[in-house]
Amino acid sequence: VSLTACTATKQLPVWRVAAKWKFIKKPKFLVNSKTMDERESVKDASVIDLANSLAERGYQVFLREEDKEQYLYAFKGLIGRLAPIGVHFALLLTLGGCAYSALGGLGGSIVAPEDTSFTIADGLTRGSPLSKVPKFAKTNQVFVKDFTIDYLPSGQVSQFYSNLSVIDEKGNEVDNKVISVNVPLRYGGVTMYQTDWSMSSMRVTVIPKVEVDATNSDTNSESSSSSKSRSSSSSSSSSIGKREELVLPMANLENKGNFKGKIWGTFLPIGDDADASENKKGISLVARDFQSVAIYDSKGAFVGVRRPTSKKPIDVDNISLVVEEISGATGLELKTDPGVPFVYAGFAGLLVTSFLSLLSHSQVWGVQKNDGNKVLYVSGTSNRGKEEFRVDFD
């Protein structure tokens with residue numbers, strides 16, 4: 001509001017004043033005026049010579065003769081006087097674009113595991129009652145084909161990538177792009193930025209060890225054991241040692257308990273107490289990144305670390321455990337910015353008009369009276385570059 005008021009009350013009148021120019025006919029005003037930066041009276045000089053000299057220096061010159069009295073007005077760099085008006089309009093355009101995005105835009109974030117999809121509208125929330133969700137966003141989906149992370153030699157995250165496909169309501173792929181930080185996917189006015197990541201699940205292979213009860217070899221075992229019991233024991237022994245592949249969901253443990261920073265964990269129950277909901281025994285697997293997994297036994301003791309790519313088993317709580325893979329989840333920020341073209345146009349205009357406003361607007365007036373003295377009265381002013389104008393005037 002302040003900028004608009006300043007533009008209307010201060011800048012636009014400058015346009016009207018700059019668009020008008022007039023000859024000054026009173027030599028005393030030229031010589032004594034305090035609004036002039038430079039003043040001079042030159043004997044035996046000619047207005048025509050002054051006009052030619054100014055024209056050579058890039059001035060636009062106007063001459064008028066009345067009753068054999070000659071008047072001169074010249075100027076250059078008028079754009080430097082008008083450019084601040086453009087600066088104000090460029091700022092208003094930029095602010096207007098920002099307001100348009102804030103009132104009419106949509107935004108939100110979503111975390112999507114790889115090999116899953118989500119509806120675009122699920123990641124968009126209305127910024128104001130004026131915001132409108134695009135029709136296609138309610139039907140089109142985004143499928144996360146893959147999520148990967150590149151690491152530096154030090155082990156720190158270098159960059160993360162998401163392979164995203166946009167699927168229309170008919171199931172056709174209408175767009176596909178591998179995005180990363182600062183390389184978003186734009187579709188239908190919706191921009192999807194790569195902003196975060198998470199872990200969704202861990203795939204492990206469990207190989208129980210075959211344990212032989214020492215009492216089975218005791219020759220003094222009671223003969224009253226029923227054949228049904230032996231059959232059950234035989235069936236149980238045959239199931240031990242069977243490989244089983246499990247997918248364990250992972251939970252974010254950041255700022256929970258003594259955990260600090262990004263960290264995820266999962267739990268593999270063991271034992272036969274399936275009905276026990278509290279204090280259940282099991283193996284804990286904890287990871288801070290996709291490169292290594294720390295494994296703890298059912299008593300909370302640290303057992304070791306395994307890389308998912310090594311396929312190397314680790315023995316813990318009478319089982320052999322292989323960490324096969326950790327599946328990631330991409331964190332996306334979705335936005336619609338209808339005011340972006342106006343903001344860009346405003347900034348472009350601001351760059352140009354700010355540069356042009358540095359140019360000097362210089363004006364020169366001259367009067368030569370028909371009184372026989374042949375004295376040329378000259379004065380001039382400039383809004384910038386005072387020293388350069390003084391040298392030019394001299």
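Within any chain, residue numbers begin from 1 and follow the written order of that chain's sequence. The model is predicted, so local features are restricted to residues of pLDDT at least 70 and side-chain atom pairs to those at 80 or more, both for listing and for counting; the totals for chains, interfaces and linings are taken over all residues. Hydrogens and waters are ignored; side-chain quantities use all the structure's heavy atoms.

Participant: Break down the environment of Lys374 for me, citing the residues and quoting the values.
Facilitator: As for its position among the elements, Lys374 is in the loop between strand 20 (362-368) and strand 21 (375-382). For the pair formed by Lys374 and Lys43, sequence separation is 331 residues and the distance between their alpha carbons is 6.0 Å. Every residue pair with non-hydrogen atoms within 4.5 Å of one another is taken to be in contact. Other than its neighbours up to four places away in sequence, Lys374 contacts Val42, Lys43, Asp44, Ala45 and Gln368. Note on conventions: DSSP H or I runs of at least 4 residues are helices, E runs of at least 2 residues are strands, and numbering of each starts at the N terminus.

Participant: Lay out unusual backbone geometry with the relevant residues and their values.
Facilitator: Despite not being glycine, Asn255 has its phi angle at roughly 60 degrees, a positive value. Partly exposed residues are those whose accessible area sits between 20% and 50% of the maximum for their type, while under 20% is buried and over 50% is exposed, using a 1.4 Å probe and protein chains only. A relative accessible area of 57% means that Asn255 is categorised as exposed. At Asp317, a position not held by glycine, the phi torsion is positive, near 50 degrees. Among the structural elements, Asp317 can be located in the loop between strand 18 (314-316) and strand 19 (319-336).

Participant: Just give me the short version of the sheet that holds strand 9 (residues 173-180), but keep the residues and values in it.
Facilitator: Hydrogen bonds between backbone groups are what pair the strands of a sheet, and the pairing can be parallel or antiparallel. A sheet is described by the order of its strands in space; here four strands give the open sequence 5-7-8-9, paired in antiparallel fashion. A single partner strand is all that each edge strand has here, and the edge strands are strand 5 (117-119) and strand 9. This sheet shows a mean twist of 25 degrees between the axes of neighbouring strands, independent of strand direction. Strand pairing follows a simple DSSP-based rule, namely that at least 2 bridges must link the two strands. With three bridges joining them, strand 5 and strand 7 (residues 141-151) adopt antiparallel strand pairing. By the bridge assignment for strand 7, Thr119 is matched with Gln141. Fitting a line to C-alpha atoms yields each axis, with helices limited to the stretch in contact; the angle taken between N-to-C directions then spans 0 to 180 degrees.

Participant: I'd like a rundown of the packing of helix 4 (residues 78-104) against helix 6 (residues 340-356), residues and numbers included.
Facilitator: At a minimum axis separation of 7 Å, helix 4 and helix 6 run at an interaxial angle of 160 degrees. By the angle class used here, helix 4 and helix 6 are roughly antiparallel. Crossing geometry of helix 4 relative to helix 6 is assigned as left-handed. The residue classification treats Ala, Val, Leu, Ile, Met, Phe, Trp, Tyr, Cys and Pro as nonpolar and Asp, Glu, Lys and Arg as charged. All others, Gly included, are polar. The residue makeup of the contact of helix 4 with helix 6, split by class, is 15 nonpolar, nine polar and no charged. Angular relationships are summarised with four words: roughly parallel below 35 degrees, roughly antiparallel beyond 145, roughly perpendicular across 65 to 115, and oblique for the angles in between. Two helices crossing with the near one rotated counterclockwise from the far one by less than a right angle form a left-handed crossing, whereas a clockwise rotation gives a right-handed crossing.

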